[in-house]
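Listed below, chain by chain, are the residues.
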Amino acid sequence: MKISNRKYEHLKIATKYPEKDYYTGFEDVLLVHEALSNFNFSDIDTSTFFIEKNISIPLLISSMTGGFKEAEKINRRLAEVAQKNLIPIGVGSVRVAVEEKKFLKSYSIVREVAPDVPVISNIGIQQLIEGGTDLAEKAVELIDADALAIHLNKLQELIMPEGEPNQSGAVDVLKEVVRKLKVKVIIKETGCGISKEVALLASHLKINYIDVGGSGGTSFAVIEGLRAKKIRDIEKLELSKKFSFWGIPTAISILEAKSVENVEVIASGGIRSGLDVAKSIVLGSCCAGVARPFLEAAIKGPKFLEKTISKFNKELMATMFLVGASNIKELKAKPYILTGIVRDWVFQRELTQSYK
Ligand SMILES: Cc1cc2nc3c(=O)[nH]c(=O)nc-3n(C[C@H](O)[C@H](O)[C@H](O)COP(=O)(O)O)c2cc1C
């Protein structure tokens, strides 16, 4: 199957399969209500700084699409809302644009429409191992990006019928890319989370941001399992079922990554409300990425997308009012309580200390 067709199939399945209540860990992160504080709800300032630009809310439209006809319309809608609301935005893997020029516009439309926000390009580690720093530079240039996200997706590569579960040479290529690239580098999981060991390695490699892409949200094990079912690849389907719940839940992965000094963490994976965004910030993330809810809204139309962004914003502001934080810096300093699985995990993995 051509990659552009596969990308379209991912999008169709990702927005249709029933999203169950998978465990993100945010269920076991409690914030503390503060009954008295000296500011009005309307005084709350959600703005922050991300990839050298001011943004209005610590939200990110996560890397999703590009590389087929319909993707241009979706990316245009996402970029319009990103520009209007000053929200950073990522695109899906630009591999297709590198291989088929006719699809370039479906990605480059994002920078055209959103000149003032951080735009993040995207490529897989497998492609970088083959294409090296030249490919990394091209991925940035193609869409005039402010950063390059390099996705790590072992589980998807294992289950995807066309998968290439190869990582030999990955660390060397990452080291070279960070050395050569003039923009920020992000490593990003796509649903299985980042551990403190990987965060520590990333920190040694001087990678600027870690997007945890934890479990609990969109599951590529499920998506690839449904694709395998369609072509009757029973072995892959069985593998998908076994590993549908594999990974580090998002809230836990934030704590794993934040246990390493000097790393900037982006929360993502199952962020479904402004309350989840607030919890991500309190746990130490600089912002929170959202994929599926924005994609579904973008497909429905610009009005739905605006409404979804506004809902996230209002819920974040409500949480800030309730915990007594008038800005993002104050929110970061607020206390939190860990219960259940998250508390057990943090204790057993000794996540309170910093690993240098
Ligand atoms: C249709 C679709 C396509 C995606 N394509 C990419 C991609 O090309 N590169 C990438 O790094 N992540 C990709 N992702 C993963 C998202 O960026 C995000 O990490 C993941 O969906 C978890 O977020 P969510 O639970 O809010 O959907 C994709 C997600 C969806 C739904």
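Our subject is the structure listed above.
Residues numbered from 1 in each chain as written. Predicted model: local features only at pLDDT ≥ 70, side-chain atom pairs only at ≥ 80, totals over all residues.

A. Highlighting the overall build of the chain. On a plain count of helices and strands, the chain comes out with 16 helices and twelve strands. Scaling as 2.2 N^0.38, a compact globule of 356 residues should have a C-alpha radius of gyration of about 21 Å, and the chain matches this with 19 Å. Dimensions of the chain, computed from the C-alpha atoms along their principal axes, are close to 60 × 45 × 40 Å. Expressed as a percentage of the 356 residues in the chain, the buried residues total 50%. Across the chain, contacts joining residues at least 24 apart in sequence account for 79% of those joining residues at least 6 apart. (Helix = DSSP H or I, 4+ residues; strand = E, 2+ residues; numbered from the N terminus. Rg over C-alpha atoms; globule rule 2.2 N^0.38 Å. Buried ≥ 20, exposed ≤ 12 C-beta atoms within 10 Å, placed from the backbone. Contact = placed C-beta atoms within 7 Å.)

B. Structural context of the environment of Ile248. When you line up the elements, Ile248 lands in the loop between helix H10 (234-242) and helix H11 (250-258). Accessibility expressed as a C-beta count within 10 Å gives 27 for Ile248, which makes it buried. Between the C-alpha atoms of Ile248 and Tyr23, which are 225 residues apart in sequence, the distance is 9.7 Å. Leaving out residues up to four positions away in the same chain, Ile248 has contacts with Cys192, Gly193, Ser195, Gly214, Ser215, Ser253 and Glu256.

C. Broad picture of the site of the ligand. With respect to spatial proximity, 26 residues lie near the ligand, and among them Gly92, His151, Gly217, Thr218 and Ala291 are the closest. When residues of the shell around the ligand are traced back to their parent elements, those giving at least two are helix H1 (3-14), strand E7 (147-152) and helix H13 (292-300). In terms of residue count, the dominant contributor to the shell around the ligand is H1 (three residues). Looking at the shell around the ligand residue by residue, the class counts come to eight nonpolar, 16 polar and two charged. (Near = placed C-beta within 6 Å. Nonpolar A, V, L, I, M, F, W, Y, C, P; charged D, E, K, R; others polar.)

D. Just the pairing of strand E11 (residues 287-290), in detail. Judged by which residues are buried, E11 turns out to be covered on both faces: Cys287 and Gly289 on one side and Ala288 and Val290 on the other are all buried. For the crossover from strand E10 (residues 264-268) across helix H12 (residues 274-282) to E11, the handedness is right-handed. (Right-handed = clockwise from strand over helix to strand, strands pointing away.)

E. Structural view of the pairing of strand E6 (residues 119-124). Among the six residues in E6, six count as buried, and that is most of the element. Side chains Val119, Ser121 and Ile123 of E6 all project onto a buried face; the interleaved residues Ile120, Asn122 and Gly124 project onto the opposite face, where all are buried too. Bridge count for strand E5 (residues 89-90) against E6 is two bridges, and the pairing is parallel. If you follow Gly90 over to E6, its bridge partner there is Ile120. Two strands pair when backbone bridges link them, and E6 and E7 are joined in this way by five bridges, in the parallel orientation. In the strand pairing of E7, Gly124 is matched with His151. (Pairing = 2+ DSSP bridges.)

F. Inspection of the nonpolar core at higher detail. Core analysis: the largest hydrophobic core is formed by 108 residues, its most contacted members being Ile89, Val110, Leu148, Ile150 and Ile210. Those residues in contact with Ile210, other than ones at most four positions away along the chain, are Ile187, Ile194, Ala199, Ala202, Ala257, Val263, Val265 and Ile266. (Core = buried A, V, L, I, M, F, W, Y, C linked by C-beta atoms within 7 Å.)

G. Representation of H12 in the model. Of all nine residues making up H12, eight are buried, and the element is well covered by its neighbours. Looking only at H12, the buried set comprises Gly274, Asp276, Val277, Ala278, Lys279, Ser280, Ile281 and Val282. Directly beyond the C-terminal end of H12, a positive phi value near 120 degrees is found at Gly284.

H. Highlighting unusual backbone geometry. The backbone of Glu52 shows a phi angle near 60 degrees, a positive value even though the residue is not glycine. Within the secondary structure layout, Glu52 lies in the loop between strand E2 (48-50) and strand E3 (53-55). In this structure, Lys206 is a non-glycine residue whose phi angle is positive, near 65 degrees. Mapping Lys206 onto the fold places it in the loop between helix H8 (196-204) and strand E9 (209-211).

I. Representation of the environment of Ser244 in the model. Examined against the element boundaries, Ser244 turns out to sit in the loop between H10 and H11. Judged by the 17 C-beta atoms lying within 10 Å of it, Ser244 is partly exposed. As for Ser244 and Val260, which are separated by 16 residues in sequence, their C-alpha atoms are 28 Å apart. In this structure Ser244 touches Ser219, Ala221 and Val222, once residues within four positions along its chain are discounted.

J. How the structure looks around the packing of H1 against helix H9 (residues 220-230). Contact geometry of H1 with H9 gives a least axis separation of 10 Å together with a crossing angle of 110 degrees. Here H1 is positioned roughly perpendicular relative to H9, judged by the angle of their axes. At the point where H1 passes H9, the crossing takes the right-handed sense. For the pair H1 and H9, contact is made by Glu9, His10, Ile13 and Ala14 and by Ile223, Leu226 and Arg227, respectively. (Axes fitted to C-alpha atoms, helices over the stretch in contact; angles between N-to-C directions. Parallel < 35°, antiparallel > 145°, perpendicular 65-115°, else oblique. Left-handed = near helix turned anticlockwise from the far one by under 90°.)

These figures capture arrangement, not role.
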